[in-house]
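Overview (structure and organization)
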Amino acid sequence: MRALNYLASVIVVASVLLTSASTAQIKHEEKSKPSITKAIAVLHPTKGSDVHGVVTFEVVEMRVRVVADLTGLAPGKHGFHIHELGDCSSSDGTAAGGHFNPTGMPHSMPSSDKRHIGDLGNIEADKDGKAHLDYVDHMLTLEDVNSIIGRSVIVHEKEDDLKTQPTGAAGARLACGVIGVAKPAAPEK
């Protein structure tokens with residue numbers, strides 16, 4: 001009987017040690033996986049448009065900084081959104097689908113807590129057709145189930161009115177770019 005109790009104790013101890021080793025290995029593997037900290041979309045014009053540019057997304061203090069530089073726009077505001085699909089293959093940009101909205105919220109402004117994740121509001125072009133945007137978004141993420149990686153950025157013909165459902169009445173799609181993982185910026189020394 002004593003031998004059986006001893007054997008059972010050895011098996012329990014061995015199981016605990018193996019479980020601990022497996023857990024430590026998993027935690028080590030999780031730590032060694034590179035985290036996505038930067039993404040980029042290079043926008044190309046749709047048919048009949050001259051709009052092009054670059055949009056970067058970079059993790060800054062657990063939020064995502066959005067920086068966009070575009071050219072070829074008519075002066076004024078233009079709807080600026082992340083769409084659900086990373087497909088810019090159609091000549092009119094419609095292959096990108098609708099706004100990225102995995103949480104089923106209404107269309108709204110970027111500062112709203114109840115909005116499409118893809119609602120980035122408007123980008124404003126100057127008299128020369130150049131537009132720059134730089135802000136930190138509280139809903140975007142580059143990882144997890146609501147990640148924007150593999151989705152697309154669309155710039156629209158008109159101003160997003162921030163209320164018309166489901167698109168903000170922003171009109172035709174002028175440029176499209178797929179969001180991909182970018183090389184992270186080098187750490188400051």
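In this text the structure is predicted, and so the values were computed from the model without any measurement.

Procedures and definitions
Residues numbered from 1 in each chain as written. Predicted model: local features only at pLDDT ≥ 70, side-chain atom pairs only at ≥ 80, totals over all residues. Heavy atoms only, no water. Helix = DSSP H or I, 4+ residues; strand = E, 2+ residues; numbered from the N terminus. Buried < 20%, exposed > 50% of the residue type's maximum accessible area, 1.4 Å probe, protein only. Polar contact = N/O pair within 3.5 Å; in protein donor to acceptor, adjacent residues only side chain to side chain. 1 Å grid on protein atoms, 1.4 Å probe; cavity = no way out; pocket = protein on both sides within 12 Å on 5 of 7 lines; lining within 4 Å. Points joined across faces, edges and corners; volume = space filled by probe spheres on them. Nonpolar A, V, L, I, M, F, W, Y, C, P; charged D, E, K, R; others polar. Disulfide = S-S within 2.5 Å. pLDDT = per-residue confidence, 0-100. Contact = heavy atoms within 4.5 Å. Pairing = 2+ DSSP bridges. Salt bridge = Lys/Arg side-chain N within 4 Å of Asp/Glu carboxyl O.

**A look at the side chain of Ser49**
Counting through the fold element by element, Ser49 comes out in the loop between β1 (38-45) and β2 (52-60). Overall, the relative accessible area of 12% leaves Ser49 in the buried class. Among the polar contacts made by the side chain of Ser49, one reaches the main-chain carbonyl oxygen of Leu174 at a distance of 2.8 Å.

**Here we look at the layout of surface pockets**
A water-sized probe rolled over the atoms picks out the places where empty space is left. Put simply, the largest pocket is a space of about 160 Å³. Partitioned by chemical class, the residues of the lining of the largest pocket number six nonpolar, four polar and two charged.

**Considering the state of the cysteines**
Going through the model one piece at a time under the given rule, you end up with one disulfide. Cys88 shares a disulfide with Cys176; S-S distance 1.9 Å. Disulfide Cys88 to Cys176: torsion about the S-S bond roughly -65°, handedness left-handed. On the criterion of sequence distance, the pair formed by Cys88 in the loop between β4 (76-83) and β5 (119-125) and Cys176 in strand β8 (residues 173-181) is long-range, its members being 88 residues apart. You can call Cys88 partly exposed: its relative accessible area is 29%. With a relative accessible area of 4%, Cys176 lands in the buried category.

**Things to note about the confidence of the model for the protein**
Residues at a pLDDT of 70 or more form 80% of the protein, whose mean pLDDT is 86. The spread of mean pLDDT over the elements of the protein runs between helix α1 (residues 2-32), the lowest at 49, and strand β7 (residues 152-156), the highest at 98. The low-confidence segment residues 26-34, where pLDDT is below 50, has one contact with residues more than four positions distant or belonging to other chains.

**A look at the pairing of β4**
By the criterion of burial, β4 is predominantly enclosed, with six of the eight residues buried. Judged from the five bridges that link them, β4 and β5 form a sheet pairing that is antiparallel. Across the sheet, residue Lys77 finds its bridge partner in β5, namely Glu124.

**Some points on the pattern of salt bridges**
A pair can form between side chains of opposite charge whenever their charged atoms are brought close. Under the counting rule described, the total for this entry stands at three salt bridges. Note that Arg65 is salt-bridged to Asp134, the shortest N-O span being 2.5 Å. Taken together, the residues Arg65 in strand β3 (residues 63-71) and Asp134 in strand β6 (residues 131-137) connect sequence positions 69 residues apart. The exposure class assigned to Arg65 is partly exposed, which follows from its relative accessible area of 34%.

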